[in-house]
Amino acid sequence: VRISGPEAIAIASGLFVSARGRDLTAERQRRVYYGEIRDDGAAVDEVLVHVMRAPHSYTREDVVEINGHGGPGPLNAILELTLKRGARLARPGEFTYRAFMNGRIDLVQAEAVIDRIRARTRASLRSAGAAASGALSRRIVALQGVLAGALARIEAAVDFPEEDLPELVDDGLRAEIQDALSGIQELLRTADAGRMLREGAAVAIAGRPNVGKSSLFNALLRENRAIVTGQPGTTRDLIEETITIKGVPVRLVDTAGLREAEEEAEQLGVAAARMALERADAVVLVIDASVAPAEEEKQLATELSALETPLVLVMNKSDLAPTAEVPGWDVTFQSVCRLSALTGQGLNEFEQTLGTLLLGDASIVPDECLVTRLHQKDSLRRAGEALERLLEQFDASPEFLSIDLREALTALGELTGETTPDDVLEQIFASFCIGK
Ligand SMILES: Nc1nc2c(ncn2[C@@H]2O[C@H](COP(=O)(O)OP(=O)(O)OP(=O)(O)O)[C@@H](O)[C@H]2O)c(=O)[nH]1
Ligand SMILES: [Mg+2]
């Protein structure tokens, strides 16, 4: 149970009895106390109580953390006792919100806290760790420093046009702003990969019955998760499992073979498959390379390519037909892979292909700065556009330049939280879990 705020220590000391008769309110920066939580003299739990005085705490306020044996019974009892003594339940993310409001961390770091908690792969954990430690924040602050300096010079040129100042708005300044723009563009290039790493991607496996979708699903999982038989129409439900490709958590979805089904269960499976295909971030169309492509498959390929989701063609069962030709359909596939789900041949290459499809060519280095959120990308994009406008009209009057420069600075400030509108802040912290 974590309590934060000016009353935290007083509230905790009302429930706690130290084994050695110590007083929680004693003037110490940080200390751990051993004893019991008592309710009207009756012991509720044996606990360690951590007292961290402002500003030496997560929120920079007085913080007390009560560590009991756990379990819902004692936990709820302790929680209720703190509420009875004047505490209130924290809103989602409120501790981190206070850490942010009290200046201990900026918005980028606050968001990295939640990314850390939710990280599903080592790569996403490392990326969140880099952001939490301030790597991205430092890049932003450096850019802000350059632009603030530029703004000062431009405004001096506006305010004192008569004075005999050295040339303020010169090629040197232009180069500095150009550098800042390049820095912003460099960060923007990491945005799609960064978001993939944080959110993961859904990849749906589609195709006619019996082409080997479930076999491919199992081969990628390295586990016999879905039932495989030689009979068309085996899979009816959606089957989902998560694998890691190039550090990205990928939710694989195996679907029912697409055909005009007769039985109701299969019909429902086909309908569910179509929904999954529409929601996926990438679709893998599997065909059986050992038989001539069916007319329905061509139609299916055409339909899938209309979804505007990246589409990969897998020519499965290549162990039976290693030299089968790619069907001459008028459909654009992002990639075509020959493989055998049965022997595993071509599977690694296929995984590589999927990785490239999801992340682009950028090989992500998770320890470096990655932009992982849509609103961050949007702010950077606006900052970049403002600087582009500025550079285009660099020789115009300095008044105009300062407008664009201010806009760029405001947009950058939205990343770190300085200029973020309240409703956006609210939204961000509302997505946190309670107690963080
Ligand atoms: N030779 C060979 N057989 C394969 C390969 N992949 C799958 N099969 C066989 O093809 C048959 C169908 O495989 P499934 O994985 O059940 O096919 P599916 O596309 O999931 O079928 P439905 O669920 O009915 O839509 C099974 O007998 C598999 O053993 C392969 O690469 N080579
Ligand atoms: Mg199947």
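The following paragraphs examine the structure supplied in this document. Not measured: the values here are computed from a predicted model.

**Points about the sheet that holds strand β6 (residues 201-207)**
So, step 1. Taken together, six strands build an open sheet; the order of strands is β7-β8-β6-β9-β10-β11 and the sheet is mixed. Lying at the two open borders of the sheet, with one neighbouring strand each, are β7 (239-245) and β11 (335-338). Geometrically, the sheet is characterised by an average inter-axis angle of 25° between neighbouring strands, direction not taken into account.
So, step 2. Both β7 and strand β8 (residues 248-254) contribute to a ladder of seven bridges, which runs antiparallel. Counterpart to I243 in the pairing with β8 is V250.
So, step 3. The sheet contacts of helix α8 (residues 191-199) involve β6 and β8, and relative to β8 the element is tilted by about 65°.

**Some points on the pattern of salt bridges**
So, step 1. One pass over the full model with this rule turns up 31 salt bridges.
So, step 2. Residues E65 and R2 are paired through a salt bridge, measuring 2.9 Å at the closest nitrogen-oxygen approach. Separated by 63 residues along the polypeptide, E65 in strand β5 (residues 63-67) and R2 in strand β1 (residues 2-4) bring together distant segments of the chain.
So, step 3. Residue E65 is classed as partly exposed on the basis of its relative accessible area of 23%.
So, step 4. We classify R2 as partly exposed; its relative accessible area is 29%.
So, step 5. In this structure, the salt-bridge partner of R382 is D378, at a minimum N-O distance of 3.4 Å. Taken together, the residues R382 and D378, both in helix α13 (residues 374-392) and four residues apart, mark about one turn of the helix.
So, step 6. Relative accessible area serves as the criterion here: at 29%, R382 is assigned to the partly exposed category.
So, step 7. Judged by relative accessible area, D378 falls into the partly exposed class, the value being 30%.
So, step 8. In this structure, a network of salt bridges that share partners links the residues E111, D115, R195, R198, E199 and R373.

**Comments concerning the site of ligand 1**
So, step 1. The full set close to ligand 1 counts 23 residues, and K213, S215, G233, T234 and T235 are the nearest of them.
So, step 2. A distance of 3.3 Å separates an oxygen atom of ligand 1 from a polar atom in the backbone of V211.
So, step 3. In this structure, an oxygen atom belonging to ligand 1 sits 2.7 Å away from a main-chain N or O atom of G233.
So, step 4. Here ligand 1 has 650 Å² of accessible area as a free molecule, and 89% of this is covered by the chains.
So, step 5. The element that contributes the greatest number of residues to the shell around ligand 1 is helix α9 (residues 213-221), accounting for three residues.
So, step 6. Among the residues forming the shell around ligand 1, the class breakdown is seven nonpolar, 13 polar and three charged.

**Description of the sheet that holds strand β3 (residues 30-39)**
So, step 1. Taken in spatial order, the five strands make up an open sheet running β1-β5-β4-β3-β2, and their pairing is antiparallel. Where the open sheet ends on each side, the last strands, each with one partner, are β1 and β2 (16-18). Averaged over all pairs of adjacent strands, the angle between strand axes in this sheet comes to 35°, irrespective of strand direction.
So, step 2. As defined by bridge partners, β3 adjoins strand β4 (residues 42-52) across ten bridges and the pair is classed as antiparallel. Pairing of Y34 across the sheet is with L48, part of β4.
So, step 3. Set on the sheet, helix α2 (residues 72-84) makes contact with β1, β3, β4 and β5; between it and β4 the angle comes to about 70°.

**A word on the coordination of the magnesium ion (ligand 2)**
So, step 1. S214 (OG) and T235 (OG1) make up the full set of protein donors to the magnesium ion (ligand 2), lying at 2.0 Å. Remark: T235 occurs in the loop between α9 and β7 and S214 occurs in helix α9; sequence separation between them is 21 residues. With respect to class, S214 is no different from T235; both count as buried.

**Observations concerning the pairing of β6**
So, step 1. The buried fraction of β6 amounts to seven of the seven residues, a majority that puts the element mostly inside the structure.
So, step 2. Here β6 shows two buried faces, one formed by A201, V203, I205 and G207 and the other by A202, A204 and A206.
So, step 3. One ladder, built from five bridges, connects β6 with β8; its direction is parallel. Residue pairing in the sheet places I205 in a bridge with D254 of β8.

**Focus: a nonpolar patch on the surface**
So, step 1. A surface patch of nonpolar side chains, about 270 Å² in accessible area, is lined by V32, Y34 and L48.
So, step 2. Here Y34 shows up in strand β3.

**Some details on unusual backbone geometry**
So, step 1. That bond from A54 to P55 is cis: its omega, 0°, falls within 30 degrees of zero.
So, step 2. Topologically, P55 is positioned in the loop between β4 and β5.
So, step 3. One non-glycine residue, N210, lies in positive phi territory at about 75°.
So, step 4. The residue N210 is located in the loop between β6 and α9 in this model.
So, step 5. By relative accessible area, N210 is classed as partly exposed at 30%.
So, step 6. Despite not being glycine, E308 shows a phi value in the positive range, around 60°.

**Description of helix α7 (residues 171-189)**
So, step 1. Compared with an ideal rise of 1.5 Å per residue, which puts 19 residues at 27 Å, α7 spans 27 Å between its outermost C-alpha atoms and is within 8% of the ideal.
So, step 2. For α7, the set of buried residues is L173, I177, A180, L181, G183, I184 and L187. All buried residues of α7 project into a common sector of 155° when viewed along the axis, lining one side. Turned more than 90 degrees off the buried face of α7, the exposed positions are D171, D179 and R189.

**Points about the side chain of T190**
So, step 1. Mapped onto the elements, T190 comes out in the loop between α7 and α8.
So, step 2. From its side chain, T190 meets the backbone oxygen of L187 in a polar contact 2.6 Å long.
So, step 3. Leaving out residues up to four positions away in the same chain, T190 has contacts with C369, L370 and V371.

Rules used throughout
- Residues numbered from 1 in each chain as written.
- Chains lettered and ligands numbered in written order.
- Predicted model: local features only at pLDDT ≥ 70, side-chain atom pairs only at ≥ 80, totals over all residues.
- Heavy atoms only, no water.
- Pairing = 2+ DSSP bridges.
- Helix = DSSP H or I, 4+ residues; strand = E, 2+ residues; numbered from the N terminus.
- Axes fitted to C-alpha atoms, helices over the stretch in contact; angles between N-to-C directions.
- Contact = heavy atoms within 4.5 Å.
- Salt bridge = Lys/Arg side-chain N within 4 Å of Asp/Glu carboxyl O.
- Buried < 20%, exposed > 50% of the residue type's maximum accessible area, 1.4 Å probe, protein only.
- Near = heavy atom within 4 Å.
- Polar contact = N/O pair within 3.5 Å; in protein donor to acceptor, adjacent residues only side chain to side chain.
- Areas by Shrake-Rupley, 256 points an atom, 1.4 Å probe, with all protein chains shown as cover.
- Nonpolar A, V, L, I, M, F, W, Y, C, P; charged D, E, K, R; others polar.
- Donors = N, O, S within 2.8 Å, 3.2 Å for Na, K, Ca; no water.
- Patch = residues over 30% accessible without salt bridge, like charges linked within 9 Å, V, L, I, M, F, W, Y side chains within 5 Å.
- Expected span 1.5 Å × (residues − 1).
- Arc of directions from axis to C-beta.

None of this, on its own, says anything about what the molecule does.
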